[in-house]
Amino acid sequence: MAVHTTCLSETIGDDLPNILKQSEIPEGRHVIHVNTPSYQGSHITGFSGMVKAMVSYLAQSDGGEKKDQLNVIPGFVNPGDMREIRRIVTELGVKTIMFPDTSNVLDSPLTSKYEMYPEGGATIAEIRDSANSSATIALGAFASNDAAELLQEKFGVTGIPLKLPIGLKATDDFIMAIKNWFGITVQKSLTLERGQVVDTLIDTHFHYQGKKVAIFGDPDHVIALTELVITMGMVPKYILTGTPGKQFDVEIQKLLKEAGIEGSRVKAEGDLFELHQWIKEEKVDLILGTTYGKYIARAEDIPLVRVGFPILDRAVHPLMPVVGYRGCLRLIEQISNALLERRDRDCLDEDFELVL
Amino acid sequence: MEEISVQKACPDACIGERQNSISSGGKNKSAIHCTDDSLAGSVSQRACVFCGARVVLNPVTDAVHLVHGPIGCATYTWDIRGSLSSGSEMYRSSFSTDMKERDVVFGGEKKLVAAIDEIVEKYHPPAIFVYATCVSGMIGDDIIAVSKAASARYGIDVIPVESSGFISGNKVVGYRSAAEALMKLITPKDKGTVEKTRKLNFLGEYNLGGETWLIRNYLAEIGIEVNVAFTGDSTVAALKLAPGACLNIVQCTGSMHWVAVNLEKTFGTPFISVNFFGAGNTAESLRRIAVFYDDPEITRRTEALIAREMDRIQPVLQRYRKKLAGKRAAIYVGGAYKAVAIIRQLKELGMEIVLTGTQTGKKEEYDDISGMLGADAVVIDDANPAELEKFLLEKHVDVMAGGVKERVLAYKLGIGFVDHNHDRKECLAGFEGAVTFAHEVYVTTCSPVWKQLKRTLAPEVC
């Protein structure tokens, strides 16, 4: 059982650790907790705290040698993303413990028989065993680093902090990190997938190269998306997250500097009112972000590609990954199509072409 | 667990303490337990007190709705109404003092004052509703004093809404907080008066999908003018003229009965109940209003309108009835008036209602509901998802009418779903709305997707 606190219980000062200590928890059952008052940080703060609580309450070392297995903390992503991350590590042939894991839970099939506890997800035994793995890959610093650091500190499991594997480069980094750590060879199937992404980037680069983009959402997503649009030759003009944290600015500035991009605006703990003002001052060609961006998109007549959390006005996306090479292909398709739809909608009759 | 004596006819609850909140249909009238705080741990589907206040006041279009609390309270109630506006869009923004840990420790009043100052400077609203939340209430921020001082400073209505979540386990208490705020807004200051007119106020009507406009047009056609609706597409200035009406018609009684009683007490305005969901209800409501005005011309026009509209929609409804007759339906909604209306509409479509529940129904309303249903039907107050799941399956329901939280439950159980929630943007009122509703019921009940559920790749069935 996982216990979250609220504004109310925090303000009256309920002492969760003590309450749990005094509770009669049956043998073999577990209660974990995290402090989540709304007046501290954002939803990412709470997410990160609960992942850390999984480690602090459940992970237990056997005391022996580290096992030849990997922990993956996938970050604040969809079940479809977790499924894809699982598929990639399975292709690489590395025994992996992934938590949290909402695949086969939040995206479990409709079979006309309702299951309160579907088959998917990480088990308690797996999370306990995470203390015995040789390494932890933490995907997305804001959501996953705290838990990975605790595993390293408490149990000596080497933490490998990476970006969310959104985009070509971040997916490369993810696969290479596993390859290097375990000394394995990467399967041809993954090389093939990568090649398809490169092929597609070349086929479509003229659709989007040089276009200006505003990116907003959760920090881990925004950082990885910024890297992706730079890979695609686009210009990330405005980069904003609502979650506080200095690291955000550092990471983004690093990416911009490497790419030689100047004149972009970057902000953590910002809001969409501010983003809207920036866009009014100087327009962009595309917005990458959550459903909340639709108001700006409509007001300024700019296409919006929905990515991140929450997406409240479109369906199916929780099942479809944006991570890995397959997810990267999907993002390229969405970005390219969004811009081409615009072109078809807006162009003069004589410029309306069959082939683009 | 406490021993509870139960009539045999009653379906079993999942939690013993909830047994008295579950009854059966028919005329036996076993008193249902209702209007209480939700049972802790039962996973009530009710929203919190703050949310209750917010949904009542939010459709006041040109007011600023300022939530004094951590950002979550404002975020989760941002633009959660399907209420449309003919003018200002101010109400669709969500303002918050965004309280942080610092404010919780040192108090949030200064931040509230600063927020009001900034809002007045930037937006010049005619009124600001200041909502208390769990945290601001718990640390004892005096929103009444701050609001009063701000009112004096700016000469506008800054009205506190006492809606801290912990004051009750029933969102109806939030309706009351909102109702008190409305009374504060419309009561003339300095013993002023508002001149009486022949117009009426439309209470408990929130202009979802333009429903207020539709009914306003019907009334205009029969020669009656609407003064102001509470609170669909209303403005602060229009609400202040509310004492000038000669009649209050009340639709959503859960939120507005108290206001109607107080308007009668304070301004001598009588009130009658109306219900514009379903063709039959709409016709009856129009006639009831016409009787009040007691004017032969109004009566003649009313009958002409009803005859014309009924002639127009009956053939369409008959077509849907052919497809839907005999299907089994369940209803779980917020207010009882809505449940009563849906029962009647579904019956008019030839359907059997096997389960009806509400979040905020009162005893008399449950008597009405039971009286409309057969003895096999389940009647339930403040249900939780486990109970809904159990009865949906036991009663072999084909389609459910409910709010936003029931949609996924219905779908996962392979049951059709019609949205009758306060955030919908479909107009379901009046004669047109009756057709739209029938269409929505038909689309989901008779969708081809349900056939796919019965197919499988498993070898034993192939």
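Summary of the structure given here. (Residues numbered from 1 in each chain as written. Chains lettered and ligands numbered in written order. Predicted model: local features only at pLDDT ≥ 70, side-chain atom pairs only at ≥ 80, totals over all residues. Heavy atoms only, no water.)

For the rest of this paragraph, the subject is the overall build of chain B. Looking only at helices and strands, chain B features 18 helices and 14 strands. Its C-alpha radius of gyration of 23 Å places chain B within 12% of the 23 Å reference for a compact globule of 462 residues. With the principal axes as the frame, chain B shows a C-alpha extent of 75 × 60 × 45 Å. Here chain B, with 462 residues, has 55% of them falling under the buried criterion. (Helix = DSSP H or I, 4+ residues; strand = E, 2+ residues; numbered from the N terminus. Rg over C-alpha atoms; globule rule 2.2 N^0.38 Å. Buried < 20%, exposed > 50% of the residue type's maximum accessible area, 1.4 Å probe, protein only.)

With an omega of -10°, the peptide bond running from A:F99 to A:P100 counts as cis. The topology assignment puts A:P100 in the loop between β4 (96-98) and α5 (124-129). Cis geometry is adopted by the peptide bond preceding B:T231, which originates at B:F230 and carries an omega value of 0°. Looking at where B:T231 falls in the secondary structure, it is placed in strand β7 (residues 226-231). The residue A:N104 is not glycine, and still its phi comes out positive at about 65°.

Buried accessible area, meaning the area lost when the parts come together, often serves as the stated size of an interface. Contact with chain A, which involves 15 residues of that partner, is made by 22 residues of chain B. Taken over both partners, the interface formed by chain A and chain B buries close to 1,600 Å², and the fraction arising from carbon and sulfur atoms is 70%. Viewed at the interface, chain B and chain A are joined by one salt bridge. For the salt bridge of A:E269 with B:K100, the shortest nitrogen-to-oxygen distance reads 3.8 Å. (Contact = heavy atoms within 4.5 Å. Buried area = accessible area lost by both parts, 1.4 Å probe. Salt bridge = Lys/Arg side-chain N within 4 Å of Asp/Glu carboxyl O.)

Enumeration according to the criterion identifies 13 aromatic pairs over all chains in this entry. Between A:Y292 and B:W78, the aromatic rings sit 5.1 Å apart at their centres with planes inclined by 5°, giving stacked as the arrangement. Of this pair, A:Y292 sits in the loop between β10 (286-289) and α12 (294-300) while B:W78 sits in the loop between α2 (71-75) and β3 (95-96), each in a different chain. On the basis of relative accessibility, which here comes to 24%, the residue A:Y292 falls in the partly exposed class. On the basis of relative accessibility, which here comes to 29%, the residue B:W78 falls in the partly exposed class. For the pair B:F95 and B:Y123, a centre-to-centre distance of 5.4 Å together with 75° between the ring planes defines the contact as edge-to-face. With B:F95 in strand β3 and B:Y123 in helix α4 (residues 109-123), this residue pair connects regions lying 28 residues apart in the sequence. Among the residues examined, B:F95 registers a relative accessible area of 12% and is labelled buried. (Phe/Tyr/Trp six-rings, centres within 6.5 Å; stacked < 30°, edge-to-face > 60°.)

Bringing the environment of B:T358 into the picture now. Residues and elements named next belong to chain B. Here T358 shows up in strand β11 (residues 352-358). On the accessibility criterion, T358 (0% relative accessible area) is buried. If near-sequence neighbours (up to four positions away) are discounted, T358 is found in contact with Y332, V333, G334, G335, A336, A339, Y366, I369, I380, D381 and D382.

Attention shifts here to the sheet that holds strand β6 (residues 200-205) of chain B. Residue and element names in this part refer to chain B. What the four strands build is an open sheet, ordered β7-β6-β8-β9; its pairing is parallel. Each edge of the sheet is formed by a strand with only one pairing partner; in this case those strands are β7 and β9 (271-273). Within this sheet the neighbouring strands show an average axis-to-axis angle of 20°, counted without direction. In the sheet, strand β8 (residues 247-250) pairs with β9 via three bridges, with the strands oriented parallel. Within β9, the residue paired with V250 across the bridge is S273. Of the strands in this sheet, β6 and β7 are in contact with helix α8 (residues 211-221), which crosses β6 at around 150°. (Pairing = 2+ DSSP bridges. Axes fitted to C-alpha atoms, helices over the stretch in contact; angles between N-to-C directions.)

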